[in-house]
Amino acid sequence: MVPVEWDAELAVLRASLAQCFGGNGGSVVIRGPVGVGKTELLRSLAREAAAAGVAYVGATGSQAEQSIPMGAMTQIFAGLELPDEEAGRVQRLLEAGALTSMLHDSDDGSIAQVVMPVLHGLTGILLAVAERVPLLIGVDDAHFVDAASLQCLRYLVRRIDRARVLVVLSDTTTVRPTQPMIWAELLSQPHRQLIRLNMLSPVGVATVLRAEAVDLEDNTPAALYEATGGSPLLLMALVEEIKAAQARRRAGHPETSIPASGHAFGQAVLNCLVRSDPSLLPLVRAVAALDEAVSVAFLAELLDWTTPATDWAVNAATEAGLVANGRLRHQRAREVVLDLMSPQERAALHARIAELLDRAGATPVRVARHWVAARQSMPPGSVPVLLKAAEQALTEDDGGLALDCLRLADREDTDTGSRVGIEALLVRAKWRLDPVFAESHVDRLLDASGSGRLSAEESLALIAPLEWYGRPAEAVSVLARVEESTAATEGAAEGHELAGHLHSARMALAHWYPGVVEPVKEPPAASLARPVTTVKLRTLAAGIVQTVHASGYTDEAVADAKALLQSCRLDGRTLYPVLIALETLIYADCLDAAASWCDRLLDEVRQRSAPTWLAALSGLRAMVSHRQGALTEAERHARDALRQIPPKGLGVLIGIPLSVLVMTATRAGEKEQALSHLNMAVPEAMFQTTIGLHYRRARGYYYLACGSHEAAIEDFEACGELMRRWGPDLPGLVPWRTDLAAARLAGGFSAGTLAADQLARLGTRNTRTRGITLRVLAASSELRGRPPILREAVELLQASGDQLELADALAELSNAQHALGEYTRARVIGRRAQQLASQIMVTMPEQHHPLAEAVPSIAPLTDDPAIFELSDAERRVASLAAQGCTNRQIARKLFVTVSTVEQHLTRVYRKLEINSRSDLPTSLLSWVGHPS
């Protein structure tokens, strides 16, 4: 196929052919890079010539036959039908020319005189043929034609200005001419035409794709132009594979990445290399191994070439569509080129590249990539380079390279300091994949710490993994050992620095294992004023823990948590501060903020190949969703957490997703499923952590659902005992008093003052927990006192966004009003509770269902005249409020201010003669989305 872009060039060839008919012979040289389509253009001309009665004979040059004298002329005469006598003469002339050429150096000027009879005889025969019929002689890849044949063609071209002969030569610009003088003369003939073919433009690529009926949705012309550089040879190979993939897809075999090339494209790349200058192969090998842009001078040193020779080869490879900006255009091209080398050749090339890059001062990662690829013994002093590269690779989220560097370094003989560095980096690299893989390295570092071979900071870095694994006693031992060593540096600058690390480590340990160590009252002064670094973030996290222990989940703690998340980039060393900040938001009932930050971090981590971080964050996201009453979403996030890494790898954190799964299964009535989650193995040390409180609470609710009231009471009392012993006893963490009160009431026991005591302990931010507490408080109050308490609970829970607890509170309010004989109101609120329950796909417990037969039915919307007294704006606001939206959410949905929402609701309450949004009739729900 000849692209449309070459219509002008084809017209030139046709004009030259027409002149040939009139006895005005000449020559045409078609020049262009390899793969540009010179052969296709020549074949198209040959077909037109044959149709016009022109005799066509051709030859093709090749690197393999370039050393065979008279090879091209032999091909040309083989295509002519000559009488036997004339054919015999041609054979003798060809043999004489070949023999003369072999006996003389092709650069010897005397060869022209020696073979003059041969040149004259062969040319005479061709001219005689042209007198009988117009003759088209086409020579493809003429740059590979042997010297003797080139001389014959030059001799012929000089003598065809009055003959019906057209000689067309295709010449590749990506090959250095072996006979520059002959080519110079061929190009200087007065009756010659020069046609220059360039690669296809992006528009030309698009035209080809349309002509080939390629699906442009999956394969944009721009993408394929970038992959091929406009080379028709490479483009058509890709088109062939794309069309095959599309055919497979139509046959029901889905194809993922269609532009990813395979065999046809690989063969096209090899074709380019075979038909180009021999220097292109070693050049593209070097480019493929480097896989990054480097200077021509660097390539010249790598290949041991001159700079001009290297520059020519780079330009030729670029012109051929193989290379762009110093790299191979397509990954498959890189694979094909690398496969042309033996493993030993590749290893030697990578080692040479690593050596040169190191000498040139390249970054450790650039050097290390090639040492890893070489897999050879490295020169002395290479281990520090590998360690720096591993550290940089971890920063860039390339865990695979980091592990490769560390494994390579681990094979080398190293001193104690390097060995410790290798182990520490192996912990970081393997931890993000699965902490189980890192534990053996932690153990070795722990031994080194005990024998004094680790610095204080290196020893403190072991505390976090020990907390995760459920080994608090060893963590305390490391902390005590470092604290003891700080006395020697007290007052010095390094002492202040170490004190900051110690403070952060102690506070983190106090957060996860509150009964194991006591939090420090005051942080060291030197740790308070630092730029935003990992140390600063740890210090900020320690400050949050300290604030919570001293004053609870205050505005200050929440502000610090948000500041930490805002300024932090998640990595292995900042994971714990991030988890502490997120837990602070959750326990302070800032659930919208916690959900937003969890989602943002999860989106980031999914792109960073860190399953451990993803599991930890998914667990917290599950907890947020559960506290928002979104049980399906909570279950999904919890299962995601358990899918990222094996359960053992989660360590004590496994209690977070498990507790959520037990709670969601229990509430859904799937008791066997809940029991299966409780039967999963958990570390014994988990029960020494705050995570263990969540697990005990979930187990208590499972017992309660099974009717095992005493077992539930035992678990809730255990939570209370631990929280009182550990301190601080904060209901935002686990509201054990209301849990215990609910269990005691369900078992027929008195709840005493448990709910009232919890109410007194709540901070200003614990809106959700306060609503839950009021609901339980109402259950233990006199019947007539319940509705006002429950209305307040409904208001708080609606503001908190917990749809499940809101549905429970509404059901309790409906029960209370039904018991007091307020049947209509009970029916309205009961319907609303059921609607919320259906939205979150849970079934309300039986005792929450008002007796429908005892309650008069509610008139439909069209029979409720009070609804029609509301304006359209008031109905829209009231309908969203009845659906459970907060004032702020309503304002966002309707694009109005919160103040406007409040004013509308005030008028709604007055017109409907109700006191609060909990009294809004469910008939308003049919107005959701109703047109104005």
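Residues numbered from 1 in each chain as written. Predicted model: local features only at pLDDT ≥ 70, side-chain atom pairs only at ≥ 80, totals over all residues. Heavy atoms only, no water.

(A) Structural view of the pairing of strand β3 (residues 135–140). With six of its six residues buried, β3 lies for the most part within the structure. Burial along β3 is two-sided: L135, I137 and V139 facing one way and L136, G138 and D140 facing the other are all buried. One ladder, built from six bridges, connects strand β2 (residues 55–60) with β3; its direction is parallel. The residue bridging A55 from the neighbouring strand is L135, located in β3. In this structure, β3 lies alongside strand β4 (residues 165–172), joined through five bridges in parallel fashion. Within β4, the residue paired with G138 across the bridge is V168. Between the parallel elements β3 and β4, the chain passes through helix α7 (residues 147–157) in a crossover that is right-handed. (Buried < 20%, exposed > 50% of the residue type's maximum accessible area, 1.4 Å probe, protein only. Helix = DSSP H or I, 4+ residues; strand = E, 2+ residues; numbered from the N terminus. Pairing = 2+ DSSP bridges. Right-handed = clockwise from strand over helix to strand, strands pointing away.)

(B) View of helix α46 (residues 898–912). Its 15 residues give α46 an end-to-end C-alpha distance of 21 Å, which sits within 8% of 21 Å, the value for a rise of 1.5 Å per residue. Phi turns positive one or two residues past the end of α46, at E913, with a value near 60°. (Expected span 1.5 Å × (residues − 1).)

(C) Inspection of the state of the cysteines at higher detail. The final tally for this structure, using the stated rule, is zero disulfides. Note on C719: no disulfide assigned, nearest cysteine sulfur contributed by C706 at a separation of 17 Å. Here C719 falls in the buried class, since its relative accessible area comes to 0%. (Disulfide = S-S within 2.5 Å.)

(D) Region of interest: the packing of aromatic side chains. This model, assessed by the stated rule, comprises eight aromatic pairs. Between the aromatic rings of W431 and Y469, the centroid separation amounts to 5.4 Å while the plane-to-plane angle is 65°, which identifies the pairing as edge-to-face. Of the two residues, W431 sits in helix α21 (residues 416–431) while Y469 sits in helix α24 (residues 463–469), which places them 38 residues apart along the sequence. Members of the aromatic cluster, joined through ring pairs, are W431, W468, Y469, W512 and Y576. Between R159 and the ring centre of Y155, over which it is positioned, the NZ or CZ distance is 3.5 Å. The ring of W597 has R600 lying over it, and the distance from NZ or CZ to the ring centre is 4.2 Å. (Phe/Tyr/Trp six-rings, centres within 6.5 Å; stacked < 30°, edge-to-face > 60°. Lys NZ or Arg CZ within 6 Å of the ring centre and 35° of its normal.)

(E) Summary view of the sheet that holds strand β5 (residues 192–196). Spatial strand order, β2-β3-β4-β1-β5: five strands in an open sheet with parallel pairing. Of all strands in the sheet, those bounded by a partner on one side alone are β2 and β5. The sheet shows a mean angle of 15° between the axes of neighbouring strands, taken without regard to direction. Sheet topology note: the strand β1 (residues 26–32)/β4 ladder contains seven bridges and is parallel. Paired with G32 across the two strands is T172, which belongs to β4. (Axes fitted to C-alpha atoms, helices over the stretch in contact; angles between N-to-C directions.)

(F) Main features of the environment of G22. Within the fold, G22 resides in the loop between α1 (7–21) and β1. The exposed category is assigned to G22, whose relative accessible area is 61%. Sequence separation between G22 and P134 is 112 residues; the distance between their C-alpha atoms is 9.2 Å.

(G) Region of the structure containing the nonpolar core. Core analysis: the biggest nonpolar cluster contains 137 residues, and L564, V578, L579, L582 and L617 have the highest contact counts within it. Listed in part, the 78 residues of the second largest apolar core include A237, L280, A317 and C405. (Core = buried A, V, L, I, M, F, W, Y, C linked by side-chain atoms within 4.5 Å.)

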